[in-house]
Amino acid sequence: MRILVFGRVGQLGSALAELLPSHHEVTFLDQPEVNLSQPESVPDLITEHAPALVINAAAYTAVDKAESEPALAQLINADAPAAMAKSCRIRDIPLIHYSTDYVFGGSASAPYTEHAPAAPASVYGRTKLEGEQAVAGETDRHIIFRTAWLYSHIGRNFLKTMLRVASEGKPLRVVDDQIGSPTFAWDLGMASVAAVDALEKGREDVYGIFHATNSGVTSWYGFAQRIFEVAGIEKVDLSAILTESYPTPAPRPAYSVLDCDRLHQILQVKMPDWQDALSRCVARL
Ligand SMILES: NC(=O)c1ccc[n+]([C@@H]2O[C@H](COP(=O)([O-])OP(=O)(O)OC[C@H]3O[C@@H](n4cnc5c(N)ncnc54)[C@H](OP(=O)(O)O)[C@@H]3O)[C@@H](O)[C@H]2O)c1
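Residues numbered from 1 in each chain as written. Predicted model: local features only at pLDDT ≥ 70, side-chain atom pairs only at ≥ 80, totals over all residues. Heavy atoms only, no water.

### Quick look at the site of the ligand
At step 1: Contacts to the ligand come from 25 residues, most closely from Q31, L36, T61, Y124 and K128.
At step 2: The contact in question runs from an oxygen atom of the ligand to an N or O atom on the side chain of Y124, over 2.7 Å.
At step 3: Contact with the protein chains hides 81% of the accessible area of the ligand, taken as 900 Å² for the molecule alone.
At step 4: Here the shell around the ligand takes three residues from strand β4 (residues 95–100), the largest share from any one element.
At step 5: Residue composition of the shell around the ligand, by class: 13 nonpolar, 10 polar and two charged. (Near = heavy atom within 4 Å. Polar contact = N/O pair within 3.5 Å; in protein donor to acceptor, adjacent residues only side chain to side chain. Areas by Shrake-Rupley, 256 points an atom, 1.4 Å probe, with all protein chains shown as cover. Helix = DSSP H or I, 4+ residues; strand = E, 2+ residues; numbered from the N terminus. Nonpolar A, V, L, I, M, F, W, Y, C, P; charged D, E, K, R; others polar.)

The structure is reproduced here in structure tokens:
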């Protein structure tokens, strides 16, 4: 299948570059070939590459910075995916897109299903939700993976930050009252490959939203503890704090656990446990 992927250099894009089976003819577009803050450039790119499937691995992911750049976040996270979806509808091809646990308010106490009401508390979450709604409004032939706490051995993320700060011998104060599921970008990449396989087989029952995180839950503090255990770093000044002691421009959901049952039922993907995923990721550092 001829596949056009927006975003090669990010965490997910890097995973897709490695994991998409070699029989596909895959083209990745990054800046400067494409600037998603100019969504009007998207249709011509899709026409030029004439793909049978579009995957959007690009996004504005700077959660705190988005609070002061809402217009830019809106263009990249909502308007550009809307333009992709419209082009895909016109060409009658599917679109795979990605979203976030930040579309939820975080006040739940049981895992969010795909149908749970959204209530984003940040600009990032709001623009990602608008992206989801725009994609779904433009084309039925969409798959949206909502993921959370994404990390990898590539790119900038919590894992890399913890290891860097620890190597500098600085103390680490990490919030212990935000609960979620750390997710290795490679496992999200594998779920994406399952979706591509299903689309290639012509399955029509695989559209819609899927929650896709590694299984199991922890806090950011629990994640940090496990990172140092797995990386074999014993001398680290790590302590747990409450969210109120670490104010950020964008509020974070207190509870971000996503119910991934639909992914298992429809795409037969059982996401691995987060601790197993972390070990595989650290082994690649
Ligand atoms: N990271 C997380 O914790 C997390 C959590 C939940 C959901 N998600 C979602 O998962 C998906 C993948 O996230 P990720 O962590 O892989 O993202 P990432 O590592 O931050 O990568 C973002 C990608 O978007 C591209 N991009 C940003 N601005 C662009 C622009 N104006 N024009 C063209 N490309 C642009 C980047 O390219 P450049 O580097 O060239 O700008 C990069 O390829 C996104 O939809 C994200 O919202 C992420």
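### Things to note about the sheet that holds strand β10 (residues 208–211)
At step 1: In spatial order, the strands read β2-β1-β3-β4-β5-β10; together these six strands make up an open sheet with parallel pairing. Strand pairing shows two members of the sheet lacking a second neighbour, β2 (25–29) and β10, which therefore form its edges. Taken pair by pair, the neighbouring strands of this sheet meet at an average axis angle of 20°, ignoring direction.
At step 2: In this structure, strand β1 (residues 2–6) lies alongside strand β3 (residues 53–56), joined through four bridges in parallel fashion. (Pairing = 2+ DSSP bridges. Axes fitted to C-alpha atoms, helices over the stretch in contact; angles between N-to-C directions.)

### Thoughts on the layout of surface pockets
At step 1: The volume enclosed by the second largest pocket comes to roughly 200 Å³.
At step 2: Surrounding the second largest pocket, 15 residues form its lining, T213, S215, C260, D261 and K270 being those nearest its centre.
At step 3: Within the lining of the second largest pocket, the residues separate by chemical class into six nonpolar, six polar and three charged. (1 Å grid on protein atoms, 1.4 Å probe; cavity = no way out; pocket = protein on both sides within 12 Å on 5 of 7 lines; lining within 4 Å. Points joined across faces, edges and corners; volume = space filled by probe spheres on them.)

### Side note on the environment of I76
At step 1: Following the sequence through the fold, I76 ends up in helix α3 (residues 70–91).
At step 2: Distance from I76 to L188, taken between C-alpha atoms, is 21 Å for residues 112 residues apart in sequence.
At step 3: Not counting residues within four places of it along the chain, the set of residues in contact with I76 comprises L36, S37, A59, Y60 and P81. (Contact = heavy atoms within 4.5 Å.)

### A few points about the packing of aromatic side chains
At step 1: Summed over the entire model, instances satisfying the criterion amount to 13 aromatic pairs.
At step 2: Judged by centre distance (6.3 Å) and plane angle (50°), the ring pair of Y112 and Y255 falls under tilted. In this pair, Y112 sits in the loop between β4 and α4 (123–138) while Y255 sits in the loop between β12 (238–241) and α8 (261–267), placing the two residues 143 residues apart along the sequence. No difference in accessibility class separates Y112 from Y255, as the two residues are buried.
At step 3: Look at F158 and W220: their rings are 4.7 Å apart centre to centre, the planes differ by 50°, and that puts the pair in the tilted class. Here the residue F158 occupies a position in helix α5 (residues 158–167), and W220 occupies one in helix α7 (residues 220–231), the gap between them amounting to 62 residues.
At step 4: Through successive ring pairs, a cluster of aromatic residues spans W149, Y151, F158, F184, W186, W220, F223 and W274. (Phe/Tyr/Trp six-rings, centres within 6.5 Å; stacked < 30°, edge-to-face > 60°. Buried < 20%, exposed > 50% of the residue type's maximum accessible area, 1.4 Å probe, protein only.)

### Remarks on the pattern of salt bridges
Side-chain pairs of opposite charge can arise where the charged atoms are in close proximity.
At step 1: Counted under the stated rule, the structure contains 13 salt bridges.
At step 2: R280 is paired through a salt bridge with D187; the nearest N and O atoms lie 2.8 Å apart. One end of the pair, R280, is in helix α9 (residues 274–282); the other, D187, is in helix α6 (residues 185–200), with 93 residues separating them in the sequence.
At step 3: On the basis of relative accessibility, which here comes to 5%, the residue D187 falls in the buried class.
At step 4: One salt bridge in this structure joins R203 and D205, with 2.9 Å as the shortest N-O distance.
At step 5: Judged by relative accessible area, which is 24%, R203 ranks as partly exposed.
At step 6: Classification of D205 as partly exposed rests on a relative accessible area of 41%. (Salt bridge = Lys/Arg side-chain N within 4 Å of Asp/Glu carboxyl O.)

### Focus: α3
At step 1: The terminal C-alpha atoms of α3, which comprises 22 residues, lie 31 Å apart, in line with the 32 Å expected from a rise of 1.5 Å per residue.
At step 2: Taken as a whole, α3 carries its principal kink of about 30° at D79; the proline P81 stands between one and four residues after it.
At step 3: Listed in full, the buried residues belonging to α3 are A73, I76, N77, A78, A80, P81, A82, A83, M84, A85, S87 and C88.
At step 4: The elements touched by buried residues of α3 are β1, α2 (42–49), β3, β4 and α4. (Expected span 1.5 Å × (residues − 1). Bend = angle between axes of the 7 residues up to and from the residue.)

Geometry only, nothing functional implied.
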